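# Structure at a glance
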Amino acid sequence: MPIAYQIVVCGGIVPDPLQTLEPVTGPGGPALKNEMLLPAVLDPWASHALYEAAHLARGCPGSKVWLVSLAPKAKLQQVMMTVAQKVPFELIALDGSASAFTEPQETATALADAIRAIPGLDHARLLVFGGWESASRGAGITLQLVGERLGLLDQFQGVDQLIIGPDGSFEVLERIEGGVHQVSRCAGPPALLGWATGTLPEPRNNPQVGMANMRTIMPALQRAKSAPPVQAGVVFESVSLPAQQRATRVVQNRPVEEIAQEIVQWLASGG
Amino acid sequence: MPLDPAAATSLDPATAPAGQRAEMSVDIVCVGFGPAMGGFLTTLSRGLIQPDGTPAVTGATLPGAPPQVVCYERADDLGFGVSGLVTRARGLRATFPDLDSAQIPMAAPVRSEKVLYLLDPIGASRRSFALRCVDEAIRAFRRVLPCADEALELPWTPEFLHKRGGLVLSLGQFMQWVGAQVQSSGTVQLWPATPVSEALIEGDRVAGVRLLDQGVDRQGRPGPDFLPGMDVRAGLTVVGDGPVGPIGRQLDERFGLPAGHVQHEWAVGMKMVVDLPEHCDLEPGTVWHTIGFPEPEIFGFLYVHPNRVASLGIFVPSWFESPVRTAYRYLQHWMLHPRLWRVLQGGRLRSWGAKTIGESGRRGEPQLVGNGFARIGEGSGSTNVLTGSGVDEAWTTGTQLAEAVLELLRAGKAFTSENLSATYVERRRASWVEHEARVAEHARDGFQRGVLTGLVGMALTGLSGGRLSLPGRRASVPPPSPRLESYYAGKIGAAELERLRQDCLTRQTPLHDAFMERCGWPAIPFDGKLLVSNQDALLLGGKVQAPPGYADHVVFLYPELCTECGARLCLEVCSGQAIAAGKNGLPEFDREKCVHCGACVWNCTRSLPYGPGRANIALRAGAGGLHSAEN
């Protein structure tokens, strides 16, 4: 008989990937210019984790999915309007900064505390999901730290597939170098899985799912606790964008072959 | 050529097997989240719950609970795809008496207003003899007139044009602010990225809406993850999907316009949000309006937000009868005018977008109510064409409907045409929106006879409180499309014109660059920051995208009509170059470049024989578009 899992997905929000990001130094340290004006989305890595969690829960009757998210409440509310139509879950909201300039230890502590506070949490059925990486917190260690704080010893990172066995054990495919997967077997929960892209497409918007989710999301947002400041003791020595990948230059009356040749040389030189 | 309506490219592309289409019931379903819906939902949500949290009124869907209210927005997020504006904010302040502009990102109180008449520094603008005389007179007296950088600052502007005491807003940011508040009430659900495909019409009653099918290919054929759009049934359907929204247009076709009403006037508004250069000393709340350049018919605007940011752009109106009307190219020439370039040079593009505006005003007002439905906002003809104001009016129509709905709910009355007329329509007719719309009704008629006549007519109407106006041409069908031969007569010979046209056809490019440059418009000196190509504006500014799994929303109903079309104005006017010349003279649509502005529909020159005034282009419900909330 399949286990009724308690699946907790950790997922923050990031600026919509189409936006132009510009680091600036604000009164509170490094920040992104106009970040609060930019549209936001659920971190794409965490999105995969959420879809996988919902898929697993659907196949295991009695399972439940929570989404624990630390982000500015107003932005989180905005993001939920889209995410809530995708899959069923219950939101646990933490009101705080979701910028790239946060300290993973502090973030992990806040997330772990929120997970511990879930009423009726049963470690024997607990699976903590999240993004292996983050489109914002690029250190990629937050989820691991969450697991450590929750005492989860079985941790898997870069997960592309989770196959549940009839006895409740599961097989995990983790990405490793060389385009292959490492296959691990685990006796069962509790465990933590940091997802890569998984195997599922983005679910279609389903208004019925949205209606059901929103009945719990709005109250969750209203009682969201403020997460403690995450900058304490952290000093950012410098902040810079990755090397510019886009260069616009206007040339006229130049043969296409020459332009192509120049682009090839530019690519060969590493851009 | 007789055309069979049944032979048009299918208008109902995906067909769900019986029983597969899910159904849901709510009390009120709303279509589109623009300023009118913001006003409606803000006012409605305040009246649904008592201060102690108990229901103030109850709905039919969940007995004992407040009415279930759900709003579907086509764009991928709230506030995408709308526009920067200056408004008197009368309606907004009536809803938010303590409105503090500092709470709203990018908002600023209006500090100063100017109207600039721009002379033509290039000599390529098409100016009438009368206008050339005006230009020469201004140049002759430039030392004694308030002239600088080829622009005359009008020493006086009539009161009806002022926005004194108003606000400069980013409508995108404002709508996000409104959306957050409405959602926080817990009584209303807002769902972006959820296009509504059609109204469910049963007899003479609108019974709800059908959401757009997902998991289909470009032609609407179901794929492996096909999800038929849900039917959302409701006692009241509130339609606020703008001037080119599919539901509003469906209702217009089904129920017709009131006698004598026509919707022929429109404008393409194209704008940018710009980081102003360091040297620019314009203060937040600065408002400039321009006339005269790049073409006399084209109006321009520049509004300054806090933190050295400006919204700026142009309106290309329907009475600019150019066969190569292109908003993007003209926007660049407008920015390069010496008066504008002095403050913009060194600036950087932050956001870009376009939309069409219904400018028929009260004369284009549709059936405001019917059994089970009500229309609000721009699509309901609320835009005031004299004062150039739409957001405040749209917002107010939304609040009027909300007050009416609450009244009916309290009285336990149904949302019938009669009840909605007695509450919503009555409120609207008695309000300043109606009064000012009546004043404005004939304000722009003169523009059909020329720019100077139009400006004089506007002034006459505005100053006389609507008692006087200059007559224009009125017709029950749109004016005929402009032709290259007549527009360029005397400028480009027939042989050269044909050569240019064929050259563009061969290269599969629109005509406007070739013809404008032939007539003296210089090439745009791209700088990669503010002066960028149309596609760069789309990517850097509009961040346009289209999610997979939806059908094309721009459809050429009878391709054979497109093949015969010599004008191909849809290509010229397309804001994002989403319509391009294809093979055999057929236009091709690329939904990943579409900003959903609707310019193609207004500009289609091939009206259908069985539906005079109806274009050969159908603009259906579609997903995606702009991804900037700063517009």
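The structure this text deals with has already been given above.
None of the values given here were measured: they were computed from a predicted structure.

Here the focus is the environment of L150 of chain A. All names here are of chain A. Along the polypeptide, L150 turns up in helix α4 (residues 142-150). For L150, a count of 21 C-beta atoms within 10 Å puts it in the buried group. Between the C-alpha atom of L150 and that of T109, which follows or precedes it by 41 residues, the distance is 9.4 Å.

The next subject is the environment of L302 of chain B. Residue and element names in this part refer to chain B. Looking at the secondary structure, you find L302 in strand β17 (residues 299-305). Residue L302 is classed as buried on the basis of its C-beta count, with 27 C-beta atoms lying within 10 Å. Along the chain, L302 and L312 lie 10 residues apart, while their C-alpha atoms are 4.2 Å from each other. If we ignore the near neighbours within four places in the chain, the residues touching L302 are W288, A310 and L312.

The subject of this paragraph is the nonpolar core. Membership of the largest hydrophobic core comes to 226 residues, with the highest contact counts inside it found for V9 of chain A together with C600 of chain B. Ignoring any residue separated from it by four or fewer positions in sequence, one finds C600 of chain B in contact with V554, C570, V573, C574, I579, I617 and L619 of chain B. Grouped together as the second largest cluster of nonpolar side chains are 9 residues, F160, L386, A440 and M458 of chain B included.

Moving on: the pairing of strand β11 (residues 180-186) of chain A. With respect to burial, β11 of chain A is a largely exposed element, only 0 of its 7 residues being buried. Linkage of strand β10 (residues 170-176) of chain A to β11 of chain A, two consecutive antiparallel strands, is achieved through a turn of 3 residues, within which G178 of chain A is found at a positive phi near 90 degrees.

Our next topic: the packing of helix α8 (residues 391-411) of chain B against helix α9 (residues 417-429) of chain B. Residue and element names in this part refer to chain B. Between α8 and α9, the least distance of the axes is 9 Å, while the angle of their chain directions is 145 degrees. Judged by the twist between their axes, the crossing of α8 over α9 is right-handed. On α9, the residues that touch T397, Q400, L401, E403, A404, E407 and L408 of α8 are N419, L420, T423, Y424, R427 and R428. Here the contact of α8 with α9 is built from residues that sort into 5 nonpolar, 4 polar and 4 charged.

Rules behind the numbers
- Residues numbered from 1 in each chain as written.
- Chains lettered and ligands numbered in written order.
- Predicted model: local features only at pLDDT ≥ 70, side-chain atom pairs only at ≥ 80, totals over all residues.
- Helix = DSSP H or I, 4+ residues; strand = E, 2+ residues; numbered from the N terminus.
- Buried ≥ 20, exposed ≤ 12 C-beta atoms within 10 Å, placed from the backbone.
- Contact = placed C-beta atoms within 7 Å.
- Core = buried A, V, L, I, M, F, W, Y, C linked by C-beta atoms within 7 Å.
- Pairing = 2+ DSSP bridges.
- Axes fitted to C-alpha atoms, helices over the stretch in contact; angles between N-to-C directions.
- Left-handed = near helix turned anticlockwise from the far one by under 90°.
- Nonpolar A, V, L, I, M, F, W, Y, C, P; charged D, E, K, R; others polar.

Bear in mind that shape data such as this cannot, by itself, settle questions of function.
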